[in-house]
Every structure is written in structure tokens, then in C-alpha cells.
Amino acid sequence: MPPRYNPDSNPRPATPSRSSSQLPGGQGAQPTGNPLSPISPQRNANQSQSAIDLTIETEVKKVKDGYPATGLITALLKHIGATVNLAPRDVYTSGQVYFRSRMVYDGIHDLMKKVDETNVEQLDQNWGLFDKYTTAIPPLERVLLQFYKDFSPDASRAHAPPVDSTHNAVIHIHTWLHEREMLRTALKELTNDAFKILSEDLKGYLVADHLEQRKKDDIATLRVLHELVVQNKLSDKDIAQEDNQQLLNDVKSGVLVLGKEIMQKPFMEARQEWNHDQDVHDCLYPVRHSFCGSNRPTMEELPAKCQDMGCDEKNVRKHIESSSGQPTPTSEELEKQFAELEGLLQNLGVTDIPTAKEMMDLIKLAARIPRPYGGRSVSLIKALYHLDQYSRKPENSGVSGYRYELKQTMKDSIAELNAVKSAAYNLQTFSLESNDYKKWKDSLRQLLDKTKPLFTSFGISGEWSTFESNFESTARVDETHMEEGRKRLGFTSTK
């Protein structure tokens, strides 16, 4: 048995760079001489198996359980680590995809923890962190869902193709090329800006060169293919053996030339690189009382603090005098008068209804809600934050009177999302057809619909469709990723 090869034998640098040799699977001596020199296929398989034990299998031990919002990612990382290491081919390249995916997972959790540990005063700063990590979760799920999606740990994924027929050998090589493209695509997708903005250190790992690992994997496979042909193991009735086995000689030459080209030049792969609530009550109570038909106060009876706050005495007096001596209004008249009073409220100088605590509670709740509710919960929270931020701006003080309705909508959302968080949940037995899922699905939609009148009241009704569209899009991601994830994890569908 050859000595076990350890690609992590040299310590990882404190500051990541773009050099591929600093990543798992990036160490080891360069092959010299004939890149396809005779080598035992069994020996090569053993070496590859040892290497994968030190890459994916080692990396999976570093995957820690985190917040429920990343529960599907956690499950996929653990599942991949327990299955892909059964196959020797593409060991270094697959290790790169897994390592970088785990690094993104850790980066997401670092931001989630920071948000969870900060306070209300840092709401807007926390929002930036929240937006980053929630944006990164869906594309990382997608990378992992596609990672060896069609893989099954059987002999067809060894380095050497079957020798019983040329047809099976061709299928084997075609599968290798398909998986090679899958890995290239995964590494490209891991350079997504949604991942790189999680942290500057993480960005260094994600954009590091991976072509050296790709080259090592291809050399290993081509060596085995070369030996297979040299030893004439592929003997099939479909191969024309006459003419001094010219077909086999051509294959030998082609494989050898390809191997040498790989050694001599790099692959040309695409890269990318106030609370004054009591004041309000004290000020508005006599105004409201003036509509009740009895014991109407005079202006002199209005609290001094009301006058100090800049109430429009002329308008208040007008309401009091107009109601003096009149019969008690009907309910319809009261509704109309209260509607007029609502407009008066806008000019009473009370513009700050605090919502920071509610908004912070919502942001922290998002990390505790799993698929298939997580995406829609985030969309709802983003809609509420947009309304909150818009109505807090001084230039939009004219809509500040509607912030009470916004605050109440936030409270309703907190109560409902807490219920979603506490609901019974089992990834293995979950079903989109279950009554429980349908209940929470309708509940989340109703919460979003409560924000629509606020968009109208704030004078930005045209923006509602964007948030509704985002909600519907995340609903599809919630359901699609949940179903594909359960299939990938081997859970049968529960109807």
C-alpha cells in the first residue's frame, strides 16, 4: 500500500490568496516524464480514495448544525460528504467544490450570528448583514442540489471503464465528461457576487485558481485509460482487430498526446473573476371628545402640552365650534368625521412612532424559520422594512400618521412567524400536500396582503407589485428546493 497522500499537510495561510496550492487538494509533486507512464490501476484507485478521505470526508466533519434557515444546506452537505467519497474519480476537483461550499456556509452563519447578537440601535447596520446572508442562501442550495445530482456509487464511476463492451466504455467516458462539466459549472457559480460579498477573506478562497486540481484529476483518469488500452483489455466483438490492431494503436496515440498536452499547458476554462404616545393621547382626546355630542370642551380646556406641540388651533376650534349645539351625530357621520380627524392627525406634529424593536425582532426571527417557509418570510420582512425606511425619512413626514398601522402589521407578523417557527417540522416526512403546510402557506400570503394598503397610504402603490412578485418567486424557490432536497436526501414523497 502506498503512503497516504495528505493535501492538507501544509498549514492553510492566515490570509487566503488566489493560489490553488493553498486549498485542499492543491499540494503534491508535479508528475514528470511520460504523464501516462505504466501505473497499476488498482494502485491509482487506492491513492485517489486516500485523497478523497482527506478532502470531502474531512471537510464534512467541519460542518456544524446552525440556524434552521440553513437546515437544508446542512443536510445536503452532510449527505454529500457521506456519499460522494465512495467514488474515486475527480477527487481533487470535487473536493474544491465541497470545500468552497462549506466556506460559504460558514460565511452565512457568521453573519447570522452577528445579526443575532446585536441590538435595536444597530437596525440599519444589521439590515445590511441580513440582506447579504438571506441573498446567499438560495444560490448555495442550488449549487449543492446540482452537485452530483445524478450520482450513484457504483463501479461505473471508477477511473477505468468496463471492458465488456465498447458501448459501456463510451457511456462511462461520456459520464465522466458530463460530471467534469458539472464540477466546472459549480466552481464558476461559487464565484457569484452573492457569496463574495459575505466577507473579503471568503472572496479570496472563492476566486482562487482551481485548474491545478482539475489537471491532476484528468491525468489520473487518462493514466488508467492509457493502461487499459496498452494492455489490450478492451476486447470487444465490435472492435475491428485486423490490420495490426490499428484502431487500438490510434487510441493509444490519442490518449498519450492528450495527456502530454494537459501537462504542458493549462486548461482554457472560462473564469469570473418617541415615543410620545401619551402626548398624542392628551392632545387628541379633547378633539375626539368634541365629536361625541356632549361635554364638549372649550379651547381653554385643551392641555397646554397640546398647544406647545404645535396643534393647529384654528382647525381644532373649527371642529369644536361646528359641532356646538348640534345633535349627536350618527355612526355614519362619526366615521366621516373620524376620517377627517385622521387627516388632521397628520398635521399635529407627532411624526415618530417607534418600530425599531419590532423590525429587529422580525430580522432575528428570519434565521429561525426553515424551508419551505424561509424565503417567503424574508420577502415579507423586506417589504415591511421598505415601508418602515420610507416612512422614517423626513421628506416623507406627510405619511407618518400611518406608521401606527405599520407598527401593528409588524406585530401581527411577529406573532405569526413565531407560530411558524414553533410548528412541528420534519424534513423527512414533510409534504407540500399536507394541511399544515397549506395552513402556513395561506397565513404567510395573508401577512403580505396586509402590507398592500400601506403601500397605497404611503403613496407608493406602484411599488407593491415588485414586492408581490418577489414573494411569489421566493414561494417557488421554497417549494422547489424543498422537494428537490428531499429527493436528493433519499426521502420518499409523502402525499
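Located above this text is the structure these notes cover.
Being a predicted model, the structure only gives us computed values, none of them experimental. (Residues numbered from 1 in each chain as written. Predicted model: local features only at pLDDT ≥ 70, side-chain atom pairs only at ≥ 80, totals over all residues. Heavy atoms only, no water.)

## Describing the overall build of the protein chain
- Within the protein chain one finds 20 helices and zero strands.
- Counting only residues that meet the buried cut, the protein chain has 46% of its 495 residues in that class.
- For the protein chain, the accessible surface area stands at approximately 24,400 Å², while carbon and sulfur atoms represent 51% of it. (Helix = DSSP H or I, 4+ residues; strand = E, 2+ residues; numbered from the N terminus. Buried < 20%, exposed > 50% of the residue type's maximum accessible area, 1.4 Å probe, protein only. Areas by Shrake-Rupley, 256 points an atom, 1.4 Å probe, with all protein chains shown as cover.)

## Points about the packing of helix H5 (residues 123–146) against helix H16 (residues 374–392)
- Look at H5 against H16: their axes get within 12 Å of each other, and the N-to-C directions meet at 150°. In terms of orientation, H5 and H16 fall into the roughly antiparallel class. For the pair H5 and H16, the crossing hand works out as left-handed. On H16, the residues that touch Leu123, Asp124, Trp127, Phe130, Asp131, Thr134 and Thr135 of H5 are Val378, Ile381, Lys382, Tyr385, Asp388 and Arg392.
- Along the lines of polarity and charge, the residues of the contact of H5 with H16 split into six nonpolar, two polar and five charged. (Axes fitted to C-alpha atoms, helices over the stretch in contact; angles between N-to-C directions. Parallel < 35°, antiparallel > 145°, perpendicular 65-115°, else oblique. Left-handed = near helix turned anticlockwise from the far one by under 90°. Contact = heavy atoms within 4.5 Å. Nonpolar A, V, L, I, M, F, W, Y, C, P; charged D, E, K, R; others polar.)

## Examining the side chain of Ser431
- With respect to the helices and strands, the residue Ser431 is situated in the loop between helix H17 (403–422) and helix H18 (435–449).
- Polar contacts involving the side chain of Ser431 include one to the main-chain amide nitrogen of Glu433, which spans 3.0 Å. (Polar contact = N/O pair within 3.5 Å; in protein donor to acceptor, adjacent residues only side chain to side chain.)

## Section: the nonpolar core
- Ranked by internal contacts, the top residues of the largest apolar core, which has 84 residues, are Val104, Ile108, Tyr133, Leu140 and Ile381.
- Among the elements that line this core, the one with the most residues is H5, at 11 residues.
- Those residues within four positions of Leu140 in sequence are excluded, and the remaining contacts are Ile73, Ser101, Val104, Tyr105, Ile108, Leu190 and Phe195. (Core = buried A, V, L, I, M, F, W, Y, C linked by side-chain atoms within 4.5 Å.)

## Notes on the packing of aromatic side chains
- A full pass over the atoms with the stated rule returns 11 aromatic pairs.
- Here Phe130 and Tyr133 contribute two aromatic rings whose centre-to-centre distance is 5.6 Å and whose plane-to-plane angle is 85°, an arrangement assigned as edge-to-face. Here Phe130 and its partner Tyr133 are both found in helix H5, three residues apart, which amounts to about one turn of the helix. There is no split in this pair, since Phe130 and Tyr133 are both buried. (Phe/Tyr/Trp six-rings, centres within 6.5 Å; stacked < 30°, edge-to-face > 60°.)

## A few points about the pattern of salt bridges
- Throughout the structure, instances matching the rule amount to 25 salt bridges.
- A salt bridge links Lys357 to Asp361; the nearest nitrogen and oxygen atoms lie 3.0 Å apart. Of this pair, Lys357 and Asp361 both sit in helix H15 (residues 356–366), four residues apart, roughly one helical turn.
- Note that Glu472 and Arg445 form a salt bridge whose closest N and O atoms lie 2.5 Å from each other. Note that Glu472 is positioned in helix H20 (residues 464–488) and Arg445 in helix H18, a separation of 27 residues in sequence.
- Residue classification places Glu472 among the partly exposed positions, given a relative accessible area of 33%. (Salt bridge = Lys/Arg side-chain N within 4 Å of Asp/Glu carboxyl O.)

## Let's talk about H17
- Its 20 residues give H17 an end-to-end C-alpha distance of 29 Å, which sits within 8% of 28 Å, the value for a rise of 1.5 Å per residue.
- Taken together, the buried positions of H17 are Arg403, Leu406, Lys407, Thr409, Met410, Ser413, Ile414, Leu417 and Val420. Down the axis of H17, the sector holding all buried residues measures 155°, keeping them to one side. Projecting away from the buried face of H17 at angles above 90 degrees are the exposed residues Tyr404 and Ser422. (Expected span 1.5 Å × (residues − 1). Arc of directions from axis to C-beta.)

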